[in-house]
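Structural overview
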Amino acid sequence: MEYQLSDRQNKDLLERMLMMRRFEETVAATAEDHFFGHYHLYIGQEATGAAVIEALGTDDLILTTHRNHGHIIGRGADPGPTLAEILGRADGFNGGRGGTLHLTSRDQGFLSTSAVVGGGIGLAVGAGYALKRAAGTAISVAFFGDGALEEGTAYESLNLASLWSLPVLFVCENNSLGAPGASAGEYPSSVNAAKDLIDIPRSVGIAAQSVDGADAGAVYAIAATAVAAIRAGQGPAFIEAKTVRWPGSRPIWPELATGITNLAAATDGALISGQHAAWINEHDPVLARVRCLIEDNILLPAEIDEIDRRVIGTMEAAKSMALASPLPEPESALEGVFT
Amino acid sequence: MEYQLSDRQNKDLLERMLMMRRFEETVAATAEDHFFGHYHLYIGQEATGAAVIEALGTDDLILTTHRNHGHIIGRGADPGPTLAEILGRADGFNGGRGGTLHLTSRDQGFLSTSAVVGGGIGLAVGAGYALKRAAGTAISVAFFGDGALEEGTAYESLNLASLWSLPVLFVCENNSLGAPGASAGEYPSSVNAAKDLIDIPRSVGIAAQSVDGADAGAVYAIAATAVAAIRAGQGPAFIEAKTVRWPGSRPIWPELATGITNLAAATDGALISGQHAAWINEHDPVLARVRCLIEDNILLPAEIDEIDRRVIGTMEAAKSMALASPLPEPESALEGVFT
Amino acid sequence: MSKITYAKALIDGLHGCMSEDDRVSVIGSYILGLSPLNNLVDRLREDFEDRISDPPISEAAVAATGIGAAMAGDRPFVDIGTASFIFEAWSQIVNEAANAHYMSGGQISVPVVFHMLHGLRGGGGAQHSHSPQAMLFNCPGLEIVLPSSPADVKGLIRQAILSDNPTIVIDHAKLLAIEDDVPDGNYEIPFGQANIRRAGGDATIVATSFTVQTALEAAEILSKRGISVEVIDPRTIVPLDMETILASVEKTGRLVVIDEANLRCSVASEIGMSVAEQGFSSLKAPIIRVTRPDVPVPFSPPLESYIAVDAGKIVKAVETVTE
Amino acid sequence: MSKITYAKALIDGLHGCMSEDDRVSVIGSYILGLSPLNNLVDRLREDFEDRISDPPISEAAVAATGIGAAMAGDRPFVDIGTASFIFEAWSQIVNEAANAHYMSGGQISVPVVFHMLHGLRGGGGAQHSHSPQAMLFNCPGLEIVLPSSPADVKGLIRQAILSDNPTIVIDHAKLLAIEDDVPDGNYEIPFGQANIRRAGGDATIVATSFTVQTALEAAEILSKRGISVEVIDPRTIVPLDMETILASVEKTGRLVVIDEANLRCSVASEIGMSVAEQGFSSLKAPIIRVTRPDVPVPFSPPLESYIAVDAGKIVKAVETVTE
Ligand SMILES: Cc1ncc(C[n+]2csc(CCOP(=O)(O)OP(=O)(O)O)c2C)c(N)n1
Ligand SMILES: Cc1ncc(C[n+]2csc(CCOP(=O)(O)OP(=O)(O)O)c2C)c(N)n1
Ligand SMILES: [Mg+2]
Ligand SMILES: [Mg+2]
């Protein structure tokens, strides 16, 4: 069975991607004048997150990583409290206690963001354990980077999920291939001797596939197939989405090196210029998606523009909300260690 | 290139196996009247340890596990101080501080026995790191059980050794297949979702092979080939030896269920009787080896008997030495935390 | 009320919770280690077959599984076996379980229980004899339970499972076979309420886990020598009932703190220091700690005995502070 | 003598050792974290290209590699990065590195150095702000070094590398940019010798790592208020120079202990308790600890500031004990 996006889903998915992109642009713009810890933008990986999320249901549970903004926004969390959290404000999802590294939106099914590389994978297996015991059809999803596969807990967790046939979807966003960050001092990741990362889950009997993470349709087809199999009780599945990590992380390379996205450039390549032009042209999954929707006559440029304008408006409102939110009361730091 | 055992090596190897077997029989016999912690006998796995050790050189370094007696004795460590250590005596290799779980004979190239499942694997990778930097031809060897492959550090260590092309031989003694221990309350091991354990090292690019661990000749051929490749700079290698764990571990199943080995039973099956007869017939690697040496006219029964008698004499001397050794001075417990 | 072993009381407590609440499941069945009493676990296996499972030797993933399941609403009881192996899952405990509730701003709670056996067991050596409670005490966000009697373990284990916080229950292998009166039926013992195991006026002893037994032995010897000691068992160190301890020290003016962990940064250090801070004016003598010295645990019996807390050492310490 | 940053002094010390001894290699090049000074590491990369390597994100295997290499005779300097991630390698540190020498009966030594950056860094949140020295203090067999100045770090890092024992060197991100006089050439600072950073007679402050700077700030404020404090930096907590601390408390009769770790079982608890035990008769007032409270580290700046040790809190504590 081949899963294809319906028109409605195509629109949804584009909106998710634009929400992700415009949110990160807002983060980068806000960061210039306001305190942030370090953060890691999701730019360049939108097609993967949006397509996987499109394949999920509302009861599914998600565990994500330091590069979590896209997942949370793409899943439909209100960007206001999301940005407020990143800014450490009282009205942030975590009341300012988590920040970008631990951003959690329980209402959207997020249980935790672990900033420990690989930390969320085992938690997702645990969520799968609980869901399997509950005997419903919900599944859990772990998003993680290629670097997480260097951690032994990732491997242990894969083995355990496989042994107990838990309903877990493992989504590895391999953003190291061609990532320009290394030269700017970013962490080396994908320091893995595996020729093919999917050989790792396969070695412990987990069905695994690689996909071009910039191709939302392809990711959706694979994710929807995997989700259906998991819901049918076939045990965990693993997807490696090959994406390209964009700059825009703080403090390592805080510039929004590729500028504010101009959707018109999807159809008019001449609008892309500057040092990173080739890279934007080749890799930008948002432009690629827009291009494809127009070419396939799924959406008109004007319809896309309308979505984008709405998204941009949402972000402006979110920014206002977040900046209007107060910082938490200092003494409240002592509260809430225990329930 | 196919490695074959020379006559000399065949004799050596048999002696190593008999030393291992007779040592463990001595341990079990001594345990009845003297204090021991828990221990884990190597009976049933002698062909693997002896053949791998036969393929090593004197400068090679070894890290082993809780099931270490065979490796240490097979490598030529004096059984006196070995038994003394297991008995917690002052003249034990570790001065009584380690006991069976941490038995260390540095002179034989043993760096440590970690009783943490998987603990020695990373240490062996470290030894390989040092040896590679020293640019000689020595290699390091990690012996470990199938259970160790459930630990994430094992996986991390394989990946690291592969990435850095370190001179490490990984020897997994998979003793869970057909092991009767589980029914007697032994730890479940081999709780691994991998259909084939060697798929795990292979997933991170390590050359790996399985072998019948009861067949000393086959283990030797594979080990010698792997050692030569490692010495030639080809990076780490992995061997899975399929063996069968014997009872005789304390406290779980302390009986020497299969009795004292009678070498005559190698040629006269009628001498094997009792509850475990089939199992001894099928699995005992010592009897299998003796049978094979006689059938292939490599050694005469009388020659084998002579070796065995010498080995038994050595064990009697070892036992006397160990039992004559005093317990350590209590106050000495406070010394030697730091160099 | 019936006279049963500590091990049975523990399993009874757990069984009671499992009977009441389907969300409670057991991951890891070596709850009583390799104790001869381990077959008590068979009752759980029979009555809750699909709720007890043996995981691979993967402490980190196993702990994460417990934590993630708890985040999703389950109430897992995760057995780690020998306490030394919790170190394999240290990041999961310290970085995930302990922080999640606070750092999520209260959105998430983590009602997981981790159970393990700590301490000197006789020949365990350096890698099977740890008492990790001292290190865990330095990690905010974990409730830490150290039972010392059959009646306590039954009620404390129940409270641990009912608690919505991540809770570490640390038993001692040498407690398992101890027999004593245990109330029938289900009951919980609230956390943070110390138990005055023996009343006395000349000196206060604070002890936890198996060392409570040793302290009671010492108290008996001391009473024969005319020294009357009060033995306090905090039962949980997080939360810690400082009030009971301070009130006792106010009465006796003398404090000896006992701990199975080694000296530096031990539970004894913390409790002693808290008294030095909050009860200083009551003190008539230096506080003395009786703990393992700062050495790895040696294997050989005379070496292990030499470093172990025993009644003799406690008696000596009390005699010193009451001199 | 030249005025250089702490970061440069650290790299100079390491460079000196690498120049002298081929057995010294560096595993992990984020020695200065994401500090803007991180490019100082380039000097090591250039001069010792084949002796510095970046491992995968596998703290446990990386630590084991360092330990195993040391067992085999190498002298690796292993950088863990943010101290919170040492928890991933806890078993390797606590079960392998710390025990090997003792439990082998002296056959093996483990001359490895583990380096990491601890503490509140500004926005690090609950998983990037740990100070693991308190937990490590409870593990016998590790030397623990907490430098607080450029001159100290250079000499201490050298001593750490020369030591035949496993040694943990814990730097603080906020120290890296501090500039001060540092002697030229190679020198080592022996372990176990506290440094009296400021002499005084009214109260003793014991502080470590970055809190030494905070304590000195507080001492300055207090001196303007007519209170003269002695600020002692133990520099290493294993071994710990109790003599210098006890001598100071004997003189001042008052003790405030400062620690970046959270309260329970902190380094401050241990040092305070040791004084309550060994220096009780000198004490004229309760000992006070100034540490982080027992909460995970929150992200938001006002929350983080609220729980941080600062000069104001230290001043208040000293005023209380000298009242
Ligand atoms: C256990 C642990 N070790 C090291 C780090 C520091 N660190 C933060 S992000 C990162 C790289 C992660 O790579 P990857 O998982 O591929 O995610 P990406 O940033 O590429 O999306 C590292 C090493 C960490 N957060 N946790
Ligand atoms: C980290 C850790 N977890 C659990 C244990 C308890 N334990 C001791 S032996 C053992 C089974 C090991 O199986 P395997 O590695 O296959 O070795 P075998 O005993 O079969 O030779 C277990 C779980 C341990 N020693 N270390
Ligand atoms: Mg990556
Ligand atoms: Mg096995």
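All values derive from a computational prediction rather than experimental measurement.

This part is about the overall build of chain A. When you go through chain A residue by residue, the secondary structure sums to eleven helices and six strands. At 19 Å, chain A has a C-alpha radius of gyration in line with the 20 Å of a compact globule built from 339 residues. With the C-alpha coordinates of chain A rotated into their principal frame, the extents come out at 55 × 50 × 40 Å. For chain A, the residues scored as buried account for 63% of the 339 residues in total. Partitioning the contacts of chain A with sequence separation of at least 6, the portion at a separation of at least 24 is 76%. Counting only carbon and sulfur atoms, one obtains 50% of the accessible surface of chain A, whose full area is about 11,400 Å². Mean positive and mean negative side-chain charge positions of chain A (23 and 41 charges, respectively) differ by 4 Å.

Let us now look at the site of ligand 2. Residues in contact with ligand 2 amount to 18 residues; listed here are only the nearest, B:His66, B:Arg67, B:Gly147, B:Asn175 and C:Glu59. With respect to ligand 2, the chains having nearby residues are chains B and C. Note that an oxygen atom of ligand 2 is positioned 2.8 Å from one of the side-chain N or O atoms of B:His66. Contacts to ligand 2 include B:Asn175, whose side-chain N or O atom sits 2.8 Å from an oxygen atom. Computed on the free molecule, ligand 2 has an accessible area of 580 Å², of which 93% lies beneath the protein chains in the complex. Counted by class, the shell around ligand 2 contains seven nonpolar, six polar and five charged residues.

Here we take up the site of ligand 1. Every one of the 18 residues lining ligand 1 counts as a neighbour, but A:His66, A:Arg67, A:Gly147, A:Asn175 and D:Glu59 are closest to it. Within the side chain of A:Arg67, one N or O atom sits 2.6 Å away from an oxygen atom of ligand 1. Taking A:Asp146, its side chain carries an N or O atom lying 2.9 Å from an oxygen atom of ligand 1. Protein burial of ligand 1: of its 580 Å² of free accessible surface, 93% is covered by the chains. A class-by-class count of the residues in the shell around ligand 1 yields seven nonpolar, six polar and five charged.

With that settled, the discussion passes to the coordination of the magnesium ion (ligand 4). Residues and elements named next belong to chain B. The coordination sphere of the magnesium ion (ligand 4) contains the protein donors Asp146 (OD) and Asn175 (OD1), at a distance range of 2.1 Å. One end of the pair, Asp146, is in the loop between β3 (140-145) and α6 (152-163); the other, Asn175, is in the loop between β4 (168-174) and α7 (199-203), with 29 residues separating them in the sequence. For the residue pair Asp146 and Asn175, the accessibility class agrees, reading buried in each case.

Glancing now at the sheet that holds strand β2 (residues 24-27) of chain D. Whether parallel or antiparallel, the strands of a sheet pair through hydrogen bonds between backbone atoms. Residues and elements named next belong to chain D. Pairing within the open sheet is mixed, and its seven strands lie in the order β3-β2-β4-β5-β7-β6-β12. Two strands lie at the open edges of the sheet, namely β3 (52-53) and β12 (236-238), each paired on one side alone. Relative to β12, strand β6 (residues 143-145) runs antiparallel, the two being bridged by two bridges. For Ile144, the partnering residue across the bridge sits in β12 and is Val238. Relative to strand β4 (residues 75-82), helix α3 (residues 59-71) is tilted by about 165°, and along the sheet it contacts β2, β4 and β5 (113-118).

Attention now goes to the packing of helix α1 (residues 7-31) of chain B against helix α10 (residues 285-295) of chain B. Residues and elements named next belong to chain B. At a closest axis distance of 10 Å, the pairing of α1 and α10 adopts a crossing angle of 155°. Compared by their axis directions, α1 and α10 come out roughly antiparallel. The hand of the α1/α10 crossing is left-handed. Of the residues in α10, those in contact with Asn10, Leu13, Leu14, Met17, Leu18 and Arg21 of α1 are Pro285, Val286, Arg289, Val290 and Leu293. Taken together, the residues of the contact of α1 with α10 break down into eight nonpolar, one polar and two charged.

Its rotation angle being 180°, the transformation that places chain D on chain C also includes 0.0 Å of axial translation and leaves an RMSD of 0.0 Å. On the angle and the small slide along the axis, the relation comes out as a two-fold axis. Same-surface contact between copies: 100% of interface residues of chain D are shared with the interface of chain C.

Before going further, it helps to examine the packing of aromatic side chains. In this structure the tally under the stated criterion is 13 aromatic pairs over all chains. Aromatic pair A:Tyr155 and B:Tyr155: ring centres 4.8 Å apart, planes at 5°, arrangement stacked. You can see A:Tyr155 sitting in helix α6 (residues 152-163) and its partner B:Tyr155 sitting in helix α6, one on each of two chains. Of the two residues, A:Tyr155 and B:Tyr155, neither departs from the other in class, the shared state being buried. Ring pairs connect the aromatic residues C:Phe87, C:Trp90, D:Phe87 and D:Trp90, which therefore count as one cluster. Above the ring of D:Tyr306, the side-chain terminus of D:Lys313 is found at 6.0 Å from the ring centroid.

Moving on, we get to the interface of chain D and chain C. Taken together, the 48 residues of chain D in the interface contact 48 residues of chain C. The contact between chain D and chain C buries some 4,500 Å² in all, and 59% of this surface belongs to carbon and sulfur atoms. Applying the counting criterion to the chain D and chain C interface returns six salt bridges. At the boundary of chain D with chain C, the tally comes to 28 residue pairs in polar contact (both at pLDDT 80 or more). Per-element accounting of the side of chain D that touches chain C gives the leading share, eight residues, to helix α10 (residues 267-278) of chain D. Of the residues assigned to the side of chain D that touches chain C, the class counts are 28 nonpolar, twelve polar and eight charged.

Turning to the sheet that holds strand β13 (residues 255-262) of chain D, a few remarks are in order. Residues and elements named next belong to chain D. Spatial strand order, β9-β11-β10-β13-β14: five strands in an open sheet with mixed pairing. If you trace the sheet from one side to the other, it starts and ends with β9 (195-198) and β14 (288-292), each paired once. Neighbour to neighbour, the strand axes of the sheet diverge by 25° on average, direction disregarded.

What counts as what
- Residues numbered from 1 in each chain as written.
- Chains lettered and ligands numbered in written order.
- Predicted model: local features only at pLDDT ≥ 70, side-chain atom pairs only at ≥ 80, totals over all residues.
- Heavy atoms only, no water.
- Helix = DSSP H or I, 4+ residues; strand = E, 2+ residues; numbered from the N terminus.
- Rg over C-alpha atoms; globule rule 2.2 N^0.38 Å.
- Buried < 20%, exposed > 50% of the residue type's maximum accessible area, 1.4 Å probe, protein only.
- Contact = heavy atoms within 4.5 Å.
- Areas by Shrake-Rupley, 256 points an atom, 1.4 Å probe, with all protein chains shown as cover.
- Lys, Arg positive; Asp, Glu negative; His and termini not counted.
- Charge placed at Lys NZ, Arg CZ, Asp CG, Glu CD.
- Near = heavy atom within 4 Å.
- Polar contact = N/O pair within 3.5 Å; in protein donor to acceptor, adjacent residues only side chain to side chain.
- Nonpolar A, V, L, I, M, F, W, Y, C, P; charged D, E, K, R; others polar.
- Donors = N, O, S within 2.8 Å, 3.2 Å for Na, K, Ca; no water.
- Pairing = 2+ DSSP bridges.
- Axes fitted to C-alpha atoms, helices over the stretch in contact; angles between N-to-C directions.
- Parallel < 35°, antiparallel > 145°, perpendicular 65-115°, else oblique.
- Left-handed = near helix turned anticlockwise from the far one by under 90°.
- Least-squares fit on C-alpha atoms with pLDDT ≥ 70 in both.
- Phe/Tyr/Trp six-rings, centres within 6.5 Å; stacked < 30°, edge-to-face > 60°.
- Lys NZ or Arg CZ within 6 Å of the ring centre and 35° of its normal.
- Buried area = accessible area lost by both parts, 1.4 Å probe.
- Salt bridge = Lys/Arg side-chain N within 4 Å of Asp/Glu carboxyl O.

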